Every structure is written in structure tokens, then in C-alpha cells.
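Below, each chain spelled out in residue letters.
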Amino acid sequence: MLATLNAGFPDVSTMPPAQVREAIRSRRGPLAGRPDMREVRNFGISGPGGTLDLRVYRPYRHDTPLPVVVFAHGGGFVFCDLDSHDEFCRSMAEGVGAVVVSVNYRLAPEHSGPAAHNDMYAALEWAAEHASSFGGDPTRIVVAGDSAGGNLAATVAIAARDRGGPSIAAQVLLYPVIDDDFETESYRRYGSGYYNTTKAMRWYWQQYAPNGTDDPRLIPTRAKTLAGLPPTVLITAELDPPCSAGDAYAHQLQAAGVRVQHRRYDGLFHGFLTFPNLTFTGTARKEIWEMTRTALTTT
């Protein structure tokens, strides 16, 4: 599996960002619209940089209002979009029993950080204000994301706490990109040959944070404290260069008094949750959806 992925994924560090996006898009199949939803609607809201596109997924559930998950996709802050994570957001909506608001945030390097963070925060505010209009519960809002999106969810949870923003019931961080420390154990052991690479991660950070990372809107561990953050589901993958930082963040949150459900999937690689046809992906998703429901009941 890793050999196939390594052979098929472009070396992003050697390509202009626009070419990277086109290469990634060319690898996708057509949208299947599965699992089926009661309603899927696209919105264009007023964001910090102009129109911000959102996609709202409402599952077939009779128990309304439902929790609301504000979701940020991965893609190294540089690529991916609403369509790349359409199936995943549908699966999350169905599995958790929640309305999912997917955020098409501005991409680097055309929009360096904290532009993506600011867009995610604007989407959170919009979701809190409009939740009731699409069957959502504004008192049960989750911020979530995979990879770079996990970074955005984590930094937005901190910003909401510090700014007195919308109350967040839980954060779900899926193999999140926590920081730009490339000397951790997982970077040393799995930085080459395991799909996601140290070389690519350095390039992503160069695109997203060309002026440095001394800002909690870019790296969550730059915050003065992690106390007071919402219950957390934190998922890491053993064969992933950012794994050690994600594991450490789970321990740091716990030390700050945050309720954390942390699961490291040994033997798996970065991005595995967005490969729906793999047997272990379905099993992991079911576990994570259950962990998310548990986090919502502990608030």
C-alpha cells in the first residue's frame, strides 16, 4: 500500500503550488454522493478575505437538533477543497449523527497564515449563529479537521476560548499537524518512505508560514496555556512524521486538565481515514465517531 502511495503521489516540493493542486485533483474519481444525506447545501458567506464557501451536510436523523461539526480539510494548507473531503464529511455526519459544516478556507502560499485560521474561525461563528436554521444545536458545536485541518481546529479552539467566541463542546483532531519541529522521533523514523515525508512537511510550512511560527494562530503550543480547552479526541498514526507531536499534544492537554481521548493507530500512515475502501479505515472511523459522541456527552 505504501509503495503504491509513494509512487503515485507527486513530490510537492519540486512543483509550483498551482501545479500541485492540479496534480492532486487529477487523481480523484467523480463524486459519488455517498453516503446519502437528507440535505447537502452550499453557502457563500462573508469571510475575512471575501466570500468563504461552506458545504453543510445534514444526515437522516429524527433526533434534532443535532450537534454541529465545523470541519477543516487537510492538504498541507496548500491543496484540497470541499470536494476532496466530501465522502469523509458525509461519513462523519452519518456516523456521529451530526450536521457537518465543511470549510473551503483560503490556501497558501497565496494566502499565508493565519488566513486559513481566520476563515475557520469565521465559519465557526457563522455555524453558531445559523445552527438552528439547518437542524443544528448551537450549544453542541465541535471543531474538527484532519492533518493541516487538525491544526486549524486546534488553533481555533484556543482562539474561541481566548476571545470569548462561540462555546465549543469538543475538538476532534485527526493526525493533526501540531508544529514545525522536524526533529521528533516520528520524523526521524518515518520521514521518508511512508507517504507523507519530512521534505513535504517542510515545504508545506514554508508555504503557510513564510514569516515564522511564533503565533498561537499558527501553532497551538505557542498558546500561554492549554487549560480550559474543550474535551478532545486526538488521533495519530504511527507511520506519520507528525505523530510524535500529536501524541505529545494529547499529553499536554491532559496535563492542563483537558479531557482527552487519544488513540494512536499503529502500523498506519498519514491520511488513512480518507481511504474509505480500506478495511481498517471503516473500523477506525466507527471508533472515532463513537469517541466523538462520547466527548459530546462529557461536556
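This structure is a prediction, so every number in the text was calculated from the model and none was measured.

Moving on, we come to the overall build of the chain. On a plain count of helices and strands, the chain comes out with nine helices and eight strands. Compactness check: the chain gives a C-alpha radius of gyration of 17 Å against a globular reference of 19 Å for 299 residues, within 12% of the reference. A principal-axis box enclosing the C-alpha atoms of the chain has dimensions of 45 × 45 × 40 Å. Looking at the chain residue by residue over its 299 residues, the buried ones come to 58%. A sequence separation of at least 24 residues applies to 75% of the contacts in the chain between residues at least 6 apart. On the chain, roughly 12100 Å² of surface is accessible, and the fraction owed to carbon and sulfur atoms is 47%.

The next subject is the UniProt feature "active site" (unreviewed entry) in the chain. Sequence positions flagged by UniProt for "active site" (unreviewed entry) are, in local numbering, Ser147. When you line up the elements, Ser147 lands in the loop between strand S5 (136-146) and helix H5 (148-163). A relative accessible area of 8% means that Ser147 is categorised as buried. Once residues within four sequence positions are removed from consideration, Ser147 is found in contact with Gly74, Leu174, Tyr175, Pro176, Val177 and His270.

With respect to the helices and strands, Thr232 occurs in strand S7 (residues 232-237). In this structure the side chain of Thr232 is engaged in a polar contact, spanning 2.9 Å, whose partner is the side chain of Gln171. Residue contacts for Thr232: discarding those within four places in its chain leaves Gln171, Leu173, Leu253, Val258, Arg259, Val260 and Gln261.

Inspection of the sheet shows strand S1 (residues 39-47) paired to strand S2 (residues 50-58) by nine bridges, in the antiparallel sense. The partner of Val40 across the bridge, within S2, is Tyr57.

This part is about the sheet that holds strand S8 (residues 260-265). Read from one edge to the other, the open sheet built from eight strands follows the order S1-S2-S4-S3-S5-S6-S7-S8, with strand pairing classed as mixed. Because the sheet does not close on itself, it has two edges, and the strands there are S1 and S8. In this sheet, neighbouring strand axes are inclined to one another by 20° on average, regardless of whether the strands run parallel or antiparallel. One ladder, built from six bridges, connects strand S3 (residues 66-72) with S5; its direction is parallel. Within S5, the position partnered with Val69 by the bridge is Val142. Sitting on the sheet, helix H3 (residues 86-97) is in contact with S1, S2, S3, strand S4 (99-104) and strand S6 (170-174), with an inclination near 155° to S3. Against the sheet, H5 engages S3, S5 and S6, with an angle of about 135° to S5.

H5 packs onto helix H4 (residues 115-130) with a crossing angle of 60° between their chain directions and a minimal axis gap of 9 Å. The handedness of the crossing between H4 and H5 comes out as right-handed. Of H5, the residues touching H4 (which contributes Ala116, His117, Met120, Tyr121 and Leu124) are Leu152, Ala153, Thr155, Val156, Ala159, Ala160 and Arg163. Partitioned by chemical class, the residues of the contact of H4 with H5 number nine nonpolar, two polar and one charged.

On to unusual backbone geometry. Looking along the chain, the bond that leaves Thr64 and enters Pro65 is cis, with omega of 0°. For Pro65, the location among the structural elements is in the loop between S2 and S3. At the junction of Gly113 and Pro114, the peptide bond is cis and its omega measures out at 10° in the coordinates. Among the structural elements, Pro114 can be located in the loop between S4 and H4. In this model, Tyr175 sits at a positive phi of 30°, which is unusual for a non-glycine residue. Despite not being glycine, Tyr195 shows a phi value in the positive range, around 80°. Within the secondary structure layout, Tyr195 lies in the loop between helix H6 (185-190) and helix H7 (198-208). Judged by relative accessible area, Tyr195 falls into the buried class, the value being 17%.

Our next topic: the UniProt feature "domain: Alpha/beta hydrolase fold-3" (unreviewed entry) in the chain. UniProt's feature table lists "domain: Alpha/beta hydrolase fold-3" (unreviewed entry) at residues 69-273, given in the numbering used throughout. Structurally, residues 69-273 is divided into 36% helix and 19% strand, and its ends, taken at the C-alpha atoms, are 17 Å apart.

Reading guide: rules and limits
Throughout this document, residue positions are counted from 1 along each chain, in the order its sequence is written. Predicted model: local features are reported for residues with pLDDT of at least 70 only, side-chain atom pairs are reported and counted for 80 or more only, and whole-chain, interface and lining totals are derived from all residues. Hydrogens and waters are ignored; side-chain quantities use all the structure's heavy atoms. Strands here are runs of E lasting at least two residues and helices are runs of H or I lasting at least four, both read from the DSSP assignment and numbered beginning at the N terminus. Our radius of gyration is a C-alpha quantity, and the globule rule it is checked against amounts to 2.2 Å times the number of residues to the power 0.38. Remark: exposure states derive from per-residue accessible area (1.4 Å probe, protein chains only) relative to the maximum for the residue type, with buried under 20%, exposed over 50%, and partly exposed in between. Contact between two residues is taken to exist if any of their heavy atoms lie within 4.5 Å; hydrogens are not considered. Only the protein chains shown count as cover for residues, and the accessible areas themselves come from Shrake-Rupley with a 1.4 Å probe. UniProt positions are given in the numbering used here, feature names are shortened, and annotations may be inferred rather than shown by experiment. For this analysis, a polar contact is any N or O atom pair within 3.5 Å, provided that within protein one partner can donate a hydrogen and the other can accept it, and provided that sequence-adjacent residues contribute only side-chain to side-chain pairs. DSSP-based pairing: two strands are paired if at least 2 bridges between them are found. Interaxial angle, 0 to 180 degrees, is taken between N-to-C directions of lines fitted to C-alpha atoms, where a helix line uses only the stretch in contact. Should the near helix be turned counterclockwise from the far one by less than a right angle, the crossing is left-handed, whereas a clockwise turn marks it as right-handed. Basically, the charged four are Asp, Glu, Lys and Arg, the nonpolar ten are Ala, Val, Leu, Ile, Met, Phe, Trp, Tyr, Cys and Pro, and anything else, Gly included, counts as polar.

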